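The chain contents come next:
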Amino acid sequence: MSEKGTTHFGYEQVKTEEKAERVRAVFDSVATKYDLMNDLMSLGIHRLWKRYAVELAGLRPGHKVLDLASGTGDLAARYSGIVGPDGLVTMTDINAAMLDQGRARMADRGLIGNVEYVQVNAEAIPFEDGTYDCVTIGFGLRNVTNKQKALDEMFRVLKPGGRALILEFSHPRGEPLKWAYDAYSFNLLPLIGKLVTNDEDSYRYLAESIRMHPDQEALRDMMQQSGFERCDYHNLTGGIVAVHRGYKL
Amino acid sequence: MSLSDLAYAGLETAINQHIASDPGAKAKLAKLHGKIIAIEILGMGQTIYLAPGPDLTQLLASYEGEADCILKATPFTLAHLRQPLSEGKTALPEDMQVSGDTELAAEFCTILRQIKVDWEAYLTPYTGSLIAGELGKAIDFAAYWRDHMISTLNQEVREFLQEDASMLPERHEIASFGNGVLQVEQRVEQLAARIEKLQKQKGSDN
């Protein structure tokens, strides 16, 4: 948060209480074509990023996983496969439209029995302390108004020995990649958004929100501030995306 | 993230496409949900982990827990898992080493070897059920004929190379040679230890 009572929404300064509503509107607008847009925007590479994150989660059969900002459930579906019938995946999103899409998709894939669905704001997780073996948030933290509060909450609901995982767009390493990435995300990305979802603004917000998100080191410091230990991060595709990992010891 | 991650993703897709070609196999694998099967590929120093689930069988490059069963085999032996199960033969290939839950290992291999592509269901949307049925029968017959031919050819080539031309050793000869090498290896190690001990003794005497 920058000035008192205001925060950023992309490059725009808005009142703190307005951001959640503005983010909700963005995802309401893109929910139905979310998966298609992910594939188009990343040329399918988002699947590799997610696979990598799942392996870092270190899940085992019987584990309880909380997946924040699940969206259409790409990560949750993989978690559900690994934790097995004795485990539990709590799939959450602040946005009801996204959660509905996710629930329908999970059911279509036959993933029932070890998945529950809860509409959750990551800044106020409605679960008891020490409930989960693993808490993850994939491409969601940058949309949270108070990121530090969300990290505190993730730490609180983790069992001792549990780990948190944050998969998020980050800051590319190297000037040529930065230049190419900027050119792509401020010119091509809104154009794809306009053609596919008829919503240029939501994808302009996506590009801006990534630039306003803390870089790799800053996010690791924030995790440590929340109490996480042995924090590290893994840059993917030259730092366009990073997976941060921290433990509650 | 490296090229191997891309290879793992590709391999996972290929495995799942193969499984999806037989809806029965997919349902049987779904019953193994919650089990982790490790496959150690001998000669490559690589272990992959399979996590069967209701929608797909996930392939993991690493797994922090203990797998329910471990299958150790060469890529050649693993390729046998695509061959149909012969009557009276066990699902586990002869050269495969199994540890952990052997029942799970056998069940997993049986499911893989019983996969039968349902060509009729696959082709019906494109050709209609009548033509698809006939094409399905023709493909099944061609596959049976191909397997029979490969099996016969393998046997004949093996017999020629081993018995007639004496160019390749037989299985028992390889096993005997392997045992011999192992014995020599052990004796060399013993000799090396003995020499080391004598050298130390000589050093302390001086």
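A. Looking closely at the interface of chain A and chain B. Tallying the contact residues gives 25 residues for chain A and 22 residues for chain B. For the pair chain A and chain B, the two sides together bury roughly 1900 Å², of which 53% comes from carbon and sulfur. In terms of surface lost to chain B, no three residues of chain A exceed Leu-48, Arg-51 and Glu-55 of chain A, which account for 29% of the buried area on that side. In this assembly, chain A and chain B are joined by four salt bridges. With a shortest N-O distance of 2.8 Å, Arg-51 of chain A and Glu-12 of chain B are connected by a salt bridge. If you list the elements that add at least two residues to the side of chain A that touches chain B, you get helix H3 (45-57) and helix H4 (74-83) of chain A. For the side of chain A that touches chain B, the element with the most residues is H3 of chain A, which contributes seven residues. By residue class, the composition of the side of chain A that touches chain B is twelve nonpolar, seven polar and six charged.

B. Here's a closer look at the state of the cysteines. Residue and element names in this part refer to chain B. For the structure on display, the rule yields zero disulfides over all chains. Considering cysteine sulfurs only, Cys-69 is the nearest to Cys-109, which forms no disulfide, with 7.8 Å between them. Judged by relative accessible area, which is 0%, Cys-109 ranks as buried.

C. Region of interest: the packing of aromatic side chains. Residues and elements named next belong to chain A. Tallied over the entire structure, the rule returns six aromatic pairs over all chains. Ring geometry for Trp-49 versus Phe-169: centroids 6.2 Å apart, planes at 85 degrees, classification edge-to-face. Residue Trp-49 is found in helix H3, and its partner Phe-169 is found in strand E7 (residues 158-169); the two are separated by 120 residues along the sequence. On the accessibility criterion, Phe-169 (14% relative accessible area) is buried. A ring pair is formed by Phe-139 and Phe-169, whose centres lie 4.9 Å apart and whose planes are at 45 degrees; its orientation type is tilted. Of this pair, Phe-139 sits in the loop between strand E6 (132-138) and helix H6 (147-157) while Phe-169 sits in strand E7, and the two are 30 residues apart along the sequence. For the pair shown, Phe-139 and Phe-169 are each scored as buried. Each residue in the set Trp-49, Phe-139 and Phe-169 is aromatic and connected to the rest through ring pairs, giving one cluster. A cation over a ring is seen here: Lys-248 above Phe-155, with NZ or CZ 5.0 Å from the ring centre.

D. Examining the packing of helix H2 (residues 34-42) of chain A against helix H7 (residues 175-197) of chain A more closely. Residues and elements named next belong to chain A. Contact geometry of H2 with H7 gives a least axis separation of 11 Å together with a crossing angle of 145 degrees. Crossing geometry of H2 relative to H7 is assigned as right-handed. Between H2, through Leu-36, Met-37, Leu-40, Met-41 and Ser-42, and H7, the contact on the second element is made entirely by Tyr-184, Leu-189, Ile-192, Gly-193, Val-196 and Thr-197. Partitioned by chemical class, the residues of the contact of H2 with H7 number eight nonpolar, three polar and no charged.

E. Looking closely at the packing of H7 of chain A against helix H8 (residues 200-212) of chain A. Residues and elements named next belong to chain A. As a packed pair, H7 and H8 sit with axes 7 Å apart at the nearest point and diverge in direction by 155 degrees. Judged by the inter-axis angle, H7 sits roughly antiparallel to H8. Seen from above, H7 lies across H8 with right-handed handedness. In contact with Tyr-181, Asp-182, Ser-185, Phe-186, Leu-189, Pro-190, Gly-193, Lys-194 and Thr-197 of H7, H8 contributes Glu-200, Tyr-203, Arg-204, Leu-206, Ala-207, Glu-208, Ile-210 and Arg-211. Tallied by class, residues from the contact of H7 with H8 come to eight nonpolar, three polar and six charged.

Conventions adopted
- Residues numbered from 1 in each chain as written.
- Chains lettered and ligands numbered in written order.
- Predicted model: local features only at pLDDT ≥ 70, side-chain atom pairs only at ≥ 80, totals over all residues.
- Heavy atoms only, no water.
- Contact = heavy atoms within 4.5 Å.
- Buried area = accessible area lost by both parts, 1.4 Å probe.
- Salt bridge = Lys/Arg side-chain N within 4 Å of Asp/Glu carboxyl O.
- Helix = DSSP H or I, 4+ residues; strand = E, 2+ residues; numbered from the N terminus.
- Nonpolar A, V, L, I, M, F, W, Y, C, P; charged D, E, K, R; others polar.
- Disulfide = S-S within 2.5 Å.
- Buried < 20%, exposed > 50% of the residue type's maximum accessible area, 1.4 Å probe, protein only.
- Phe/Tyr/Trp six-rings, centres within 6.5 Å; stacked < 30°, edge-to-face > 60°.
- Lys NZ or Arg CZ within 6 Å of the ring centre and 35° of its normal.
- Axes fitted to C-alpha atoms, helices over the stretch in contact; angles between N-to-C directions.
- Left-handed = near helix turned anticlockwise from the far one by under 90°.
- Parallel < 35°, antiparallel > 145°, perpendicular 65-115°, else oblique.

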